[in-house]
Amino acid sequence: MNKTAYLNGEYLPLAEAKVSVLDRGFLFGDGVYEVIPAYRGHLFRFDDHLRRLNNSLSNIRLVLHKTAEQWRTVLEPLLSTDRDQYIYLQITRGVAPTRDHAFPEHAEPTVFAMCSDIKPFTERETGVKAVTLDDSRWDLCHVKATTLLANILLRQQAVEQGAAEAILVKNDYVTEGAASNIFAVIDGVLKTPETSGEILPGITREVIIELAQKDQIPYQEAPISLAEIKHASEIWLTSSTREIIPVVELDGQRIGNGKPGPIWQNMNQLFQQYKQNVS
Ligand code: PDD
């Protein structure tokens, strides 16, 4: 039987997983996380997710050493082999004796993981609406931190405007979505912003770049200006839970012919095939 949650060395039903109110994750959002898809029990691009996790941990100076094999031993009992799921893995700086912004002298990191079914994203075939909003986040967007208040407020603002995602803009250039990376087809070239402190280096983004390379789709990692994106023939949003979502309307203006474009059709097919081969 698969288990539903893991907390500090124990497997237990999700509703029974409890952490102290003095946990720094609860008090400060002092932690990092990963979202790792698993198709029929196989963790997708696991080494890449672990590399990003270790990078997030070292950026916030949280010391936790586990090998890939140790992580597999922790996470695999949560998976089912008969469906598509994702693991949410969170590590915080742990429980401190009092609330103090500076790091506690001694604290054991809290390690929590849960597993959920991936719900098919029904709008993938028709496309979604998006709006552009000012990127109000910090300089460490490459760290997958649990401190997500800015992202939450931006996504909520988009939803209240009838859109599925906020496309974030900093100094007239697009960075990424509130919880996704961005690609745009401009003059026939697939473009995505380069990795930097302004974006999360998405694993889905990495796979798409590899597939574009293999299939000889012209692509470029380069800045995308707000003016350019408004005239893109295709825009896509990418993430582990939603995969590749075409945007068919941006700020009330139609993108392309208002339907998912041909380069998306091709890439989505390549991505679905690639996923099937995960073992
Ligand atoms: N978020 N950028 C941001 C800000 C994100 O939150 C995410 C994913 C991505 C895409 O990364 P990846 O392809 O590795 O999922 C980019 C996850 C799904 C979340 O917070 O739930």
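Placed above this text is the structure.
Let me begin by describing the structure that accompanies this report.

The rules behind the values
Residues numbered from 1 in each chain as written. Predicted model: local features only at pLDDT ≥ 70, side-chain atom pairs only at ≥ 80, totals over all residues. Heavy atoms only, no water. Helix = DSSP H or I, 4+ residues; strand = E, 2+ residues; numbered from the N terminus. Rg over C-alpha atoms; globule rule 2.2 N^0.38 Å. Buried < 20%, exposed > 50% of the residue type's maximum accessible area, 1.4 Å probe, protein only. Contact = heavy atoms within 4.5 Å. Areas by Shrake-Rupley, 256 points an atom, 1.4 Å probe, with all protein chains shown as cover. Lys, Arg positive; Asp, Glu negative; His and termini not counted. Charge placed at Lys NZ, Arg CZ, Asp CG, Glu CD. Axes fitted to C-alpha atoms, helices over the stretch in contact; angles between N-to-C directions. Parallel < 35°, antiparallel > 145°, perpendicular 65-115°, else oblique. Patch = residues over 30% accessible without salt bridge, like charges linked within 9 Å, V, L, I, M, F, W, Y side chains within 5 Å. Salt bridge = Lys/Arg side-chain N within 4 Å of Asp/Glu carboxyl O. Core = buried A, V, L, I, M, F, W, Y, C linked by side-chain atoms within 4.5 Å.

Scanning the protein chain for helices and strands turns up 7 helices and 15 strands. Taken over the C-alpha trace, the protein chain has a radius of gyration of 19 Å; the compact-globule value for 279 residues is 19 Å, and the two agree within 12%. Looking at the 279 residues of the protein chain, the share that counts as buried comes to 51%. Partitioning the intrachain contacts of the protein chain with sequence separation of at least 6 by distance along the chain shows that 71% fall at a separation of at least 24. Summing over all exposed atoms, the protein chain offers an accessible surface of approximately 14000 Å²; the carbon and sulfur share of this is 51%. Across the protein chain, the 28 positively charged side chains and the 36 negatively charged ones have centroids separated by 3 Å.

A few words on the packing of helix H5 (residues 203–214) against helix H7 (residues 262–276). At their nearest, the axes of H5 and H7 sit 10 Å apart, and the two run at 110° to each other. Taken together, the axes of H5 and H7 are roughly perpendicular relative to one another. Judged by residue contacts, Thr 204, Val 207, Ile 208, Glu 210, Leu 211 and Ala 212 of H5 engage Met 267, Leu 270, Phe 271 and Tyr 274 from H7.

Looking now at a nonpolar patch on the surface. On the surface, a cluster of nonpolar side chains totalling about 370 Å² of accessible area is made up of Val 21, Leu 22, Phe 26 and Val 95. The residue Leu 22 is located in the loop between strand S2 (10–12) and helix H1 (24–28) in this model.

Attention shifts here to the nonpolar core. Core analysis: the biggest nonpolar cluster contains 25 residues, and Leu 53, Trp 71, Leu 75, Ile 87, Leu 89 and Ile 91 have the highest contact counts within it. Breaking this core down by element, the ones donating at least two residues are strand S3 (31–39), helix H2 (46–59), helix H3 (68–75), strand S5 (84–92) and strand S6 (110–117). The element best represented in this core is H2, accounting for 4 residues. When neighbours within four sequence positions are excluded, Leu 53 is seen to be in contact with Val 32, Glu 34, Trp 71, Leu 89 and Ile 91.

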